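Residue-level structural notes
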Amino acid sequence: MADADIGLIGLAVMGRNLVLNMADNGYRVAIYNRTYARTTSLLNDAGPLADRLIGCESLDQLAAAIRPPRPVALMIKAGEAVDQQVAALRPLLSGGDIIMDCGNANYHDTVRRFAELQPTGLVYMGTGVSGGEEGARYGPAIMAGGTREGYGRVEDILTSISAKYEGESCAGFMGTDGAGHFVKTIHNGIEYADMQMIAEIYMIMRHALGLSPAEMGDIFERWNKGPLESYLIEITGKILKTADPDTGKPMVDVILDRAGQKGTGRWAAIEALDLGIPATTLEGAVAARALSAFKDQRLAAEKLYPLDLDRPEINDRDAAIAGLERALLAGKICAYAQGFAIMAASSERAGWNLPLNQVARVWRAGCIIRSRFLNVISAAYDANPDVTNLLVEPGFVAMMSDSQKDLRSVVSLAAESGLPIPSLSSALAYFDAYRTGRLPADLIQAQRDFFGAHGFERTDRDGGGFHGPWAMG
Ligand code: NBP
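Throughout what follows, the structure given in this document is the object of discussion. (Residues numbered from 1 in each chain as written. Predicted model: local features only at pLDDT ≥ 70, side-chain atom pairs only at ≥ 80, totals over all residues. Heavy atoms only, no water.)

The strand order 3-2-1-4-5-6-7-10 describes an open sheet built from eight strands, whose pairing is mixed. Edge positions in the sheet fall to strand 3 (53-55) and strand 10 (171-176), since each has one partner strand and no second. In this sheet, neighbouring strand axes are inclined to one another by 25° on average, regardless of whether the strands run parallel or antiparallel. Contacts between helix 4 (residues 80-89) and the sheet are confined to strand 1 (6-9), strand 4 (71-74), strand 5 (98-101) and strand 6 (123-130), with strand 4 contributing the most and set at about 155° to the helix. Where helix 5 (residues 107-117) meets the sheet, it contacts strand 5, strand 6 and strand 7 (141-146), and its direction lies at approximately 155° from that of strand 6. (Pairing = 2+ DSSP bridges. Helix = DSSP H or I, 4+ residues; strand = E, 2+ residues; numbered from the N terminus. Axes fitted to C-alpha atoms, helices over the stretch in contact; angles between N-to-C directions. Contact = heavy atoms within 4.5 Å.)

Quick look at the structure:
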């Protein structure tokens, strides 16, 4: 009998938890996985929720089990697997049915799939889901794309299963075709920058201030009650206070310093470059992870360039720690200014009309970058939907004016101590370039004209295409 509210394909860690979340919220879900063992395993583990699940051994059974018009969510490995799954589903679905890809798709693929399905009458909804395993089970942030009409038909399900921030759902419609997956990509790019800047502060605390992991853990715990309050600060405090059960050493001390990445941060940086939007904090974070992978080379280079710097004396440790907190806030402001600038530019290029106030709201709970700070961003976009750059919005001007000196001191301390802080230092460089009325780009233009006759504009005349009186040769 076709009485399921939705179908879900892909019962690995994310899909399985989303299904349980849907069932918890009263929905009847038809479930399918390429390897049937995962389906039986979920049915066995679901306890009383199993009554709301319909295990299907084939896609035909799945299609027959859902009440039309049928929404089918995919929670499978991103990439080719999604194309294969869509191709297999197509003949089993009919006009008005929805295929909702909830995996981490590259948004370019989503745009293509949306266009391919449009003539068939099927609605393709690229939907970013953030929050990992726990988010999927108890409430993720959900960034949906596709058509507004299609979203209207799954809105109840998505808002019910999403995280809630003070009672408000953290699910929302971002725009047509690839908008939802694009917003998820930028979320991940900002996440990279946030994590990197926290790691850089940790490095300074450790090597310039000589703090132990447990001491740092206490500091992050305290910071989580202030303007930096966020999931990432919270877990950093917990991580730093955790000991390795085998050795008794701080857990961070036994973890190899080689960071992994699955690619979404890199996608965000590529989009920024492609759009011509500076996103140096995100790029710095991607590069920092890449550089961390060259462990052997770093160890060899360390021998060639031993640090023989006179490290600056820090006389007032408490003041230095307070400065680090403000510096991290300043860096965070620059990272979010960059991330939101990428979204604004992409929205304009794709004609998405991304609701940036809503993006900030959706990110306030359920996702990895959830934080108190996102309230300030949503308020800025509520007050002025055409924000040019968050750095010049009144609330941010006040915060940045208070904290930029600290970012400067921290970058200077790190440079004098030989500590690499690519995201914080590029945040400062971005801020300084953004607030400088006249940059040395005059000389760049002269050089371009000298070697390539590219022409330039003049400060004292209208129009362009002027050339300098350069002597050739
Ligand atoms: P995985 O990304 O590890 O994918 C495993 C699932 O994909 C299994 O159900 C597997 O079926 C299925 N699958 C594969 Br692999 N190839 C397939 C194909 N050709 N046709 C049909 N199904 C296929 O699962 P996950 O970690 O649960 O993540 C699911 C999606 O959610 C991914 O896009 C991921 O990037 C995204 N995501 C993950 C997280 C996270 O924290 N893990 C967070 C946010 C988003 P099988 O059982 O038969 O092999």
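Read on for the rest.
Here we come to the environment of Ala-327. Considering the arrangement of structural elements, one finds Ala-327 in helix 14 (residues 317-350). Here the alpha-carbon distance between Ala-327 and Leu-407, two residues 80 residues apart in the chain, equals 4.0 Å. Every residue in contact with Ala-327, bar those within four places of it in the chain, is listed here: Asp-406, Leu-407, Val-410 and Leu-424.

Close to the ligand lie 21 residues, the nearest being Met-14, Asn-33, Thr-35, Arg-38 and Gln-84. A distance of 3.1 Å is found between an oxygen atom of the ligand and a backbone nitrogen or oxygen belonging to Ile-76. It is helix 4 that contributes the most residues to the shell around the ligand, three residues altogether. Counted by class, the shell around the ligand contains nine nonpolar, eight polar and four charged residues. (Near = heavy atom within 4 Å. Polar contact = N/O pair within 3.5 Å; in protein donor to acceptor, adjacent residues only side chain to side chain. Nonpolar A, V, L, I, M, F, W, Y, C, P; charged D, E, K, R; others polar.)

Let us now look at the pattern of salt bridges. A full pass over the atoms with the stated rule returns 30 salt bridges. The partner of Arg-326 in a salt bridge is Asp-406, with the nearest N and O atoms 2.8 Å apart. Of this pair, Arg-326 sits in helix 14 while Asp-406 sits in helix 17 (residues 394-417), and the two are 80 residues apart along the sequence. By relative accessible area, which is 36% here, Arg-326 ends up partly exposed. Connected through shared salt-bridge partners, Asp-83, Asp-101, Asp-109, Arg-112, Arg-113 and Glu-116 make up one network. (Salt bridge = Lys/Arg side-chain N within 4 Å of Asp/Glu carboxyl O. Buried < 20%, exposed > 50% of the residue type's maximum accessible area, 1.4 Å probe, protein only.)

Moving on, we get to helix 5. Within the span of helix 5, buried status applies to Tyr-107, Thr-110, Arg-113, Phe-114 and Leu-117. Seen from one end, helix 5 has its buried residues packed into an arc of 110°, which puts them on one side. The backbone nitrogen of His-108 has a side-chain oxygen 3.0 Å away, supplied by the residue at the start of helix 5, namely Asn-106. (Arc of directions from axis to C-beta.)

Going residue by residue along strand 2 (residues 29-32), you find Val-29 and Ile-31 tucked away on one face and Ala-30 and Tyr-32 tucked away on the opposite face as well. Across four bridges, the pairing between strand 1 and strand 2 is parallel. Bridged to Gly-7 within strand 2 is Ala-30. Tracing the backbone out of strand 1, into helix 1 (residues 13-24) and back to the parallel element strand 2 gives a crossover that is right-handed. Pairing of strand 2 with strand 3, which is carried by three bridges, proceeds in the parallel orientation. Residue pairing across strands places Ile-31 opposite Gly-55, the latter belonging to strand 3. (Right-handed = clockwise from strand over helix to strand, strands pointing away.)

A word on the pairing of strand 1. Regular strands place their side chains on alternate faces of the sheet. Every second residue of strand 1 is oriented toward a common face, with Ile-6 and Leu-8 on one face and Gly-7 and Ile-9 on the other, all of them buried. Bridge count for strand 1 against strand 4 is three bridges, and the pairing is parallel. Each residue of the ladder has a partner; that of Ile-9, found in strand 4, is Leu-74.

Quick look at the packing of aromatic side chains now. Across all of its chains, the model carries 11 aromatic pairs by this definition. Every member of this aromatic cluster is reached through a ring pair, and the members are Tyr-107, Phe-182 and Trp-352. Across from the ring centre of Tyr-192, 3.6 Å away, lies the NZ or CZ of Arg-289, which sits over that ring. If you follow Arg-370 out to its NZ or CZ, it ends over the ring of Tyr-231, 4.0 Å from the centre. (Phe/Tyr/Trp six-rings, centres within 6.5 Å; stacked < 30°, edge-to-face > 60°. Lys NZ or Arg CZ within 6 Å of the ring centre and 35° of its normal.)

The next thing to look at is unusual backbone geometry. Note the cis peptide between Pro-68 and Pro-69, where omega equals -5°. Structurally, the position occupied by Pro-69 is in the loop between helix 3 (59-65) and strand 4. In this structure, Asp-177 is a non-glycine residue whose phi angle is positive, near 30°. Within the secondary structure, Asp-177 is located in the loop between strand 10 and helix 8 (179-207). Judged by its relative accessible area of 18%, Asp-177 falls in the buried class. At Asn-353, a residue that is not glycine, the phi angle is positive and equals roughly 55°. Structurally, Asn-353 can be placed in the loop between helix 14 and helix 15 (356-362). The exposed category is assigned to Asn-353, whose relative accessible area is 67%.

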